[in-house]
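Coordinate inspection notes
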Amino acid sequence: MASVEDTEGASPPTPIENTVAVETEPETAKAHETAAEETPPNLASAPAPDASNESDEKTSSDASSIVDLQGESEQKAQEAGAKPDVNIGNSKGAKILMNRFSNWKETTKQKGQEFLKEQGPTIQEKANRVWKQAPSIPRFPPIPRTAPSKSEDGGKMFVNMSNDVPDDKEKKAEAPPPNKQESEVAASSVGAEADHVPTHAKADGGPPSDEFEDLLNIEAKVGNAISKASKAATKATVAASVVAETVTTNFRGRYNTKSEEAEEKQEEERVLSHPSRTLPESQTELILKSRVGEHMQEIIDNLEPHQFAMLLGRGMLGTNLKQCYLKNHGVYVDYLVEGGQAEASRIIQSGDLLVKLGDVDLRKQTIVQIPKEIAKARRPAVLILSQGTPVAVERMNYLDIVVPMMHRARYVSRKKGTTKDSKDVVCENTVPVEDSSDAFLTPPAPTMELRKEFEKEVTLRCNDDFDMDELLQVASEDENFRNAIRNAFLTCALDSRRLPFLVRYLSDNGEVDDNGPEGSLGPNAQFMLFLELVSFLDLYHLTPPARLKEMTSRIAYKFFLPTSIVSALQPPLFDFHTIVPDSSLRHLEFVLSGKTPNRSIPKDVFLDFLKAVVDSLTAAPILSFLNSNQCARMRAFMRNTAPYMNLPLGQLVDDLVNKSKAPSARNCFSYILIFLLCQLEKEPIGEHKFSKDEVESKRIVGASNDICCSIFIKRTFVPELKAMKESFESKKAVDENDARRIVALCEKFWDIYVSEVSELSAKCVEVETSHSKVRSILEDSVKESSAKPGSLEAASSFAESILKSGIIEEAATLAEELLFNYASNVHTKFREHKVHELMCNELAKGIANQALFSKKQEIPNLPQGCIKRLLRRAEFPDGVSSHKPFKAPTSKGSSEKPYPNAQYAVIFGTTIGPALASQMPVPGIESSDVRRYACLPVSLDNEAKMDSLLDADSILPPTFESYAVVPQMKSTPFSKASSGTRISSDGWQVSLVSFVIPNAESSASDPTESSLYGVSLVFVRDSVESKKKVSSIRTEFVVDEASGEGASESPISFASEGKADETTTGGEKSTTLRQVKVSSALPVLNEKMKGEPWHARIEKDEYHNASNPITIGLALVCNRNVICAMRDTLSRLLFDFSKQPGASGGPTPTLACQGLIDVLGGFSHKDIENESLLRILEPHLKGANASWVDRPIADQSKAFQEQAVRQLSDCLPPTPLALMFATALLEQKIVLSSSRRSLLHAATTGLCAMLEPLNWSHLLVPLVPSSLAVDLIQYPAPFILGVPSGDADNGELLGNLPEDVTLIDLDVGRVILAPAFGKDNEMVRKSTDVEATAKALRSQILYLAHALGALFGGALRPDTWGCDAPSLGNDQNEGTPVDRLLSASRRFINEILTGVPSCCFWIEEATQNYSASTEPTVLFDEDRFFAIKARRSTNTSKGLFPTEDTDGDLALNLDDFDLILESFLRCQSMSTYISSRPKSDMVYY
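The following paragraphs examine the structure supplied in this document. Quick caveat: nothing in here was measured; it's all calculated off a predicted structure. (Residues numbered from 1 in each chain as written. Predicted model: local features only at pLDDT ≥ 70, side-chain atom pairs only at ≥ 80, totals over all residues. Heavy atoms only, no water.)

**Thoughts on the packing of aromatic side chains**
When we look at a pair of aromatic rings, we describe it by the centre distance and by the angle of the planes. Applying the stated criterion to the full structure yields 26 aromatic pairs. Note on Phe489 and Phe527: the rings are 6.0 Å apart at their centroids and 70° apart in plane angle, and the pair reads as edge-to-face. In this pair, Phe489 is assigned in helix H15 (residues 479-493) and Phe527 in helix H17 (residues 523-539), connecting sequence segments 38 residues apart. Overall, Phe489 belongs to the buried group, its relative accessible area being 1%. The interplanar angle of 50° and the centroid separation of 6.2 Å between the aromatic rings of Phe749 and Tyr753 together place this pair among those described as tilted. Here Phe749 pairs with Tyr753, and both are found in helix H26 (residues 736-754), just four residues apart, close to one helical turn. (Phe/Tyr/Trp six-rings, centres within 6.5 Å; stacked < 30°, edge-to-face > 60°. Helix = DSSP H or I, 4+ residues; strand = E, 2+ residues; numbered from the N terminus. Buried < 20%, exposed > 50% of the residue type's maximum accessible area, 1.4 Å probe, protein only.)

**Some points on the pattern of salt bridges**
The final tally for this structure, using the stated rule, is 43 salt bridges. Across the salt bridge formed by Asp1307 and Arg1236, the nearest N and O atoms sit 3.0 Å from each other. With Asp1307 in the loop between strand E25 (1301-1305) and strand E26 (1310-1312) and Arg1236 in the loop between strand E22 (1229-1234) and helix H44 (1237-1250), this residue pair connects regions lying 71 residues apart in the sequence. Note on Asp1307: relative accessible area 35%, which makes it partly exposed. Between Arg1432 and Glu1391 there is a salt bridge whose closest N-O contact spans 2.6 Å. With Arg1432 in helix H51 (residues 1422-1433) and Glu1391 in helix H50 (residues 1377-1393), the pair connects residues that are 41 residues apart, well separated along the chain. Per residue, the accessibility class of Arg1432 equals that of Glu1391, and both read buried. A single network of salt bridges, built from pairs that share partners, joins Asp495, Arg497, Arg498 and Glu837. (Salt bridge = Lys/Arg side-chain N within 4 Å of Asp/Glu carboxyl O.)

**Some thoughts on the environment of Asn667**
With respect to the helices and strands, Asn667 occurs in helix H24 (residues 662-678). A relative accessible area of 4% means that Asn667 is categorised as buried. Sequence separation of Asn667 and Glu1405 is 738 residues, and the distance between their C-alpha atoms is 5.9 Å.

**Observations concerning the sheet that holds strand E23 (residues 1259-1261)**
The strand order across the open sheet formed by five strands is E23-E24-E22-E25-E26, and the pairing between neighbours is mixed. The strands lining the two open edges of the sheet, one partner per strand, are E23 and E26. Recorded for the sheet is a direction-independent mean angle of 20° between the axes of neighbouring strands. Here helix H45 (residues 1266-1273) sits on the sheet and contacts E22, E23 and strand E24 (1279-1284); the angle it forms with E24, its principal contact strand, is near 145°. (Pairing = 2+ DSSP bridges. Axes fitted to C-alpha atoms, helices over the stretch in contact; angles between N-to-C directions. Contact = heavy atoms within 4.5 Å.)

**Some details on the nonpolar core**
Among the nonpolar cores identified, the biggest contains 176 residues, and Phe481, Phe530 and Phe560 are the most heavily contacted of them. Setting aside residues up to four positions removed in sequence, Phe481 forms contacts with Val402, Met405, Met406, Ala409, Val426, Leu471, Val474, Ala475 and Leu623. Counting 103 residues, the second-largest nonpolar core is a separate cluster that includes Leu1247, Phe1317, Leu1348 and Tyr1473. (Core = buried A, V, L, I, M, F, W, Y, C linked by side-chain atoms within 4.5 Å.)

**Focus: helix H28 (residues 792-804)**
With 13 residues, H28 ought to run about 18 Å at 1.5 Å a step, and its terminal C-alpha atoms sit 18 Å apart, in line with that. For H28, the set of buried residues is Ala794, Ala795, Phe798, Ala799, Ser801, Ile802 and Leu803. (Expected span 1.5 Å × (residues − 1).)

**Remarks on the pairing of E25**
Burial within E25 is extensive, with five of its five residues counted as buried. A two-sided burial pattern is seen for E25, the buried positions comprising Val1301, Leu1303 and Asp1305 on one face and Thr1302 and Ile1304 on the other. The sheet contact formed by E22 and E25 spans five bridges and is parallel. Counterpart to Lys1229 in the pairing with E25 is Val1301. Relative to E26, E25 is paired through three bridges, and the arrangement is antiparallel. Within E26, the position partnered with Ile1304 by the bridge is Val1311. In sequence, E25 turns back onto E26 through a hairpin of four residues, with Gly1309 there showing a positive phi of about 85°.

**Describing the environment of Ser962**
Its location among the elements puts Ser962 in helix H35 (residues 960-964). Each C-alpha atom of the pair Ser962 and Val1264 lies 8.8 Å from the other, and the pair is 302 residues apart in sequence. At 2.5 Å, the side chain of Ser962 forms a polar contact with the backbone oxygen of Thr959. (Polar contact = N/O pair within 3.5 Å; in protein donor to acceptor, adjacent residues only side chain to side chain.)

**Comments concerning the sheet that holds strand E12 (residues 904-910)**
Taking strand neighbours across the sheet as the criterion, the five strands line up as E13-E12-E21-E15-E14 in an open arrangement whose pairing is antiparallel. The open sheet has two edge strands with one neighbour each: strand E13 (930-937) and strand E14 (989-998). Sheet twist, expressed as the average angle between the axes of neighbouring strands with direction ignored, equals 20°. In this sheet, strand E15 (residues 1011-1021) lies alongside E14 in antiparallel orientation, the contact comprising 10 bridges. From the neighbouring strand, Val996 faces E15, where its bridge partner is Tyr1013. Contacts between helix H39 (residues 1123-1137) and the sheet are confined to E14, E15 and strand E21 (1110-1118), with E15 contributing the most and set at about 25° to the helix.

**Quick look at the packing of helix H25 (residues 705-731) against H28**
At their nearest, the axes of H25 and H28 sit 10 Å apart, and the two run at 100° to each other. For the element pair H25 / H28, the angle class is roughly perpendicular. Contacts from Leu721, Met724, Lys725 and Phe728 in H25 reach Glu800, Ile802, Leu803 and Lys804 in H28. (Parallel < 35°, antiparallel > 145°, perpendicular 65-115°, else oblique.)

**Quick look at the side chain of Gln323**
Relative to the assigned elements, Gln323 resides in strand E4 (residues 319-323). A polar contact is formed between the side chain of Gln323 and the backbone oxygen of Gly330, at a distance of 2.9 Å. Polar contacts involving the side chain of Gln323 include one to the main-chain amide nitrogen of Ile367, which spans 2.6 Å.

**Points about the pairing of strand E5 (residues 331-336)**
Burial within E5 is extensive, with six of its six residues counted as buried. Pairing of E4 with E5 involves five bridges; the strand directions are antiparallel. Across the sheet, Lys322 pairs through a bridge with Tyr332, a residue of E5.

Printed below as a string of structure tokens:
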């Protein structure tokens, strides 16, 4: 086997090849040697108390791969029933372990005594003979640990397990050793190694005596075993107690460190080891020679070049594991436990990665999962590890470059020692170095050539056995190697995630040399100075001028310049005269004297000093760090992370303000904003959720306020005020538009950033002082205005006061202080956060195809789709919710006046004739003999086309008639008196019903088309056999081109006897004729009207079911809410046709419907003219349109809304009305019932009106057909359904509603809250006690209903609800009761919504390509929303301009209504409201 000293014929260093090792466990060794002697148990799995000096690494992510002992020895200990020496608990595991240690202690002592008794005489005899021959035996030098090399037969690389290892004090200090398991050492000596005596290599002086070798080995091992057995026995009970605690609590912690005992053990092993002892046969060779050798050889052959295998027995692995930074990247070895199996293997080192255990892949598992996998694995198991992983070219940094350089440097140094003319070099490409100020802010990036040169060597270890003198010598001769070390240092020092590893190493190994020159600083102090100077450069552009000078003076007089103290000069901490020219010191004094132009501080004032510190550090200190275990841990922890990018914050803010450069800056700032919204008090490790502490960390509320306020001031507030101030100074007056804009600007500034509610997170004196000044200016400007709030005069007065004040200067100062505070205290945490890693990852994608990977202090262009990927990968904590912006429909403008009446008309009725009987029945109607007679367009709009008949049928759903048909009324007491005009003189039940149905052709982006509004005029009566025959007047349609021009003129007249033709109607003679004027001839309809009328044909029709009532109706439909005009149209039509011959022109006292019914029945014939219905309705449509034709279409909707609210408030008392309002606000399942169908539509419309400006975003069916009611009641999401209680099938349904449905009985005037109210609430389901939380929510909703009931009662009936209050009797209440009720409900809603814009953040990717589509997102800060509500409830928050809506009188106290507010935030209506806010009103956009 070649030694590292054999350089002749050696090849350049390559990645370590596949190796294998086995635990040096007694049971495993005996298995391979087939020894029959019983061995003591292995105590390596017992963790000792922690005494590690690395207290800063004691996190919850640390875990030892400790495996509970299993085997026959445990079973025997249980059967033996031995008792422990001390009381360590009553757990089963404790008793088992104590029995095991007690038995083993006695066994070890007995075996040692028996061995000496049997072998003692033989040993003594051999010793006498050997020492007589000792002078003639040659001495061999100690064989050092050899580097892995290939065997002569070409096999895989093995590792020798020598005990003669060179001292490595640095590595011993880094990895704290555990408690010495002397019992394990003794057991291994006696049981495992006593029977196996290694053979020495041959020497020139001849082989030594076999008896001499036997004596040396046996004497050393036995003596060592006996001396340590006594020590182990005294500590067995203590170790057992620790193990028992481990078994009981399942705690996996660190191992204890006792440095004195470790040193004592090393000294004893060194004394007992004979100088001529050679390396024993390696465990790898033993494994490959055993019966599992072929299997292990096959595993080794399939490994990657950088992987190695280890056979894991039943003991512990002896390592401490830690989680890698990136998710799904596994764990790495933090340190090795001294005396453990990992250390004994001699191939596992700090920084190695766990790859596979048996068939289980460990590469994507966490620190919580892997120890469990190791514990449950069947033993022995093959554990595969890796000394590194390949790195993509675009992700390589200078650490990946310098480590292969170190291996090459060692090879070059040793090659030169043997060959003077060697031309080998460390690096073939040039390693550039930059010395500008910006070069010390962002880690340098290797060129593409450098990356490709070392791409295949990135898996090499950095903590190899390097000779520091060799590396320093090569660095002094090779500039590229020296530059690479320097760049690697900057990569570690400027990366906030790598920095702690470097700081920890220099803290332990960077003390000043006592023999060094006076005034010199050690590496640790130099590095602290380096960080101070880099911080100065980083904050330079963001530091206010006064602070900048103060910072410069502090650094200069602390480190570089002498300080005058009591007439004496105190020298600086560091003497730079030897490494920095005097001119640099003189220049520093000149700058501090204030003699520079404008007394400015140049950015490079400390540049020479910074270069000197870097040059001093990048020699031995950093090179030793690169060869340390700390560096190995750092590389493993940060493996596969993207190259670090340091955003220049000053330039980022400038680009955000400058809109021409905003796209790149906006994308980068989105990462900062999401970090601030997700920032926790204690951040988890890397991309993992588990944190350093088991206690769940809380969000830092308001962390984003400071920087967003600064950007708003710089980008919007100050520039706009400056422009308006210039206009004011030139015109000597404030423009009206400018005044209103100033009011809106200051009001937003106040509400979001300045008021008491919007507290800034910065607590420094400078920020608080500037913040108070800005707030005082705004308050004083409002007080100076004496005009009525909201008037133009008040706005002008306020604007003039603002422009004359110093708010522009104070706001600019506030912005500077906020930026400096953020940069110095918060931005460093962003650089450590996983969101920053996501940004660097996007940057790595963007530059992957570039030839050079240069990084400058500029804002990078991130690839397209970066924000979308960020939002998908970001894990928002509780308290931050995401919403997709709602695109409001484009308004048609106030000048456009859509047609204010129906678009289509539908005639339906009882089946008559074979043609109608052959049609499919109307879905959803109980009576199957109702058919659609005709569906025709009736719009008078000139743009409407009369040939769009197919359009009408396609727009109206097949179930239309199920909404429009009205069933026959049941006979009740006083029905004739209460029904009024619903019973006609000729026996028909008349109904005029409003309804809403879904529109199959509605557009999702236009909510105005989400429903079809209809009004149906329906006539119903029993079959004609049970009714007396009545006379009817035949109708004739006559042409009159002027028909319908007068809105008040009736188109119906009666002809005199002389002009009338004698006709037969219903079997009786009639000489009177009803003439209806139409604008065009209708010959086919007239011909049908001369025949037998519809009601007579129904009696004889064979397809009519005599048991069903006779039904016929006319319905008008529109996709806009023009119900008022449609009801007016049908009412005019009905009353016109009800006129009788000789009647006066006044109102018709009674209804006679037979004439209109026969006309509608004529449409049962399929050959009627398509325009006939329009000609009949034309004069009535024009009459109804007269009131609305010159008004916006919204006026009709508003009129119907007011009417609906009035009807709703008349049906429910104030408190039940408030309970219905509160349940709808929380989006519960609501069913409204009434026997009056139009009231159901009015109630749902009125309820939605009370919820404004919120919108009901769930299922809404004001009138549910009976056939659909059963299915819709089971709908899983919230709904509002109107169920007619008069329908036969609905009575049982309303009496057996599901437990989560709230019933509102409009006929009785009561609200029955759902028995299971709140249990299906998302917030309630997440609580620990669902029943208690649901009960508390129910109590809060009833309490709120009681309070709102008083508010609504005072608005509707102030005399009744305020009867106990003193009054003069002449109190005047403004507005109608409906107006006051809507005002009260909207005040309450607005109070809940107050502060919403202050919690919204618009996140949208900015692209250079305007054609690229983006998906914006609104992030809502719920925690800040609750903070605003808390301040509003205590009346500590006032608006800048006090109004009724901003006084906070209706604010909800969180102590009483916290569950209601939290439930409200989860409602879809709240999400829609958040998403529909203009982005200009939000905190950031």
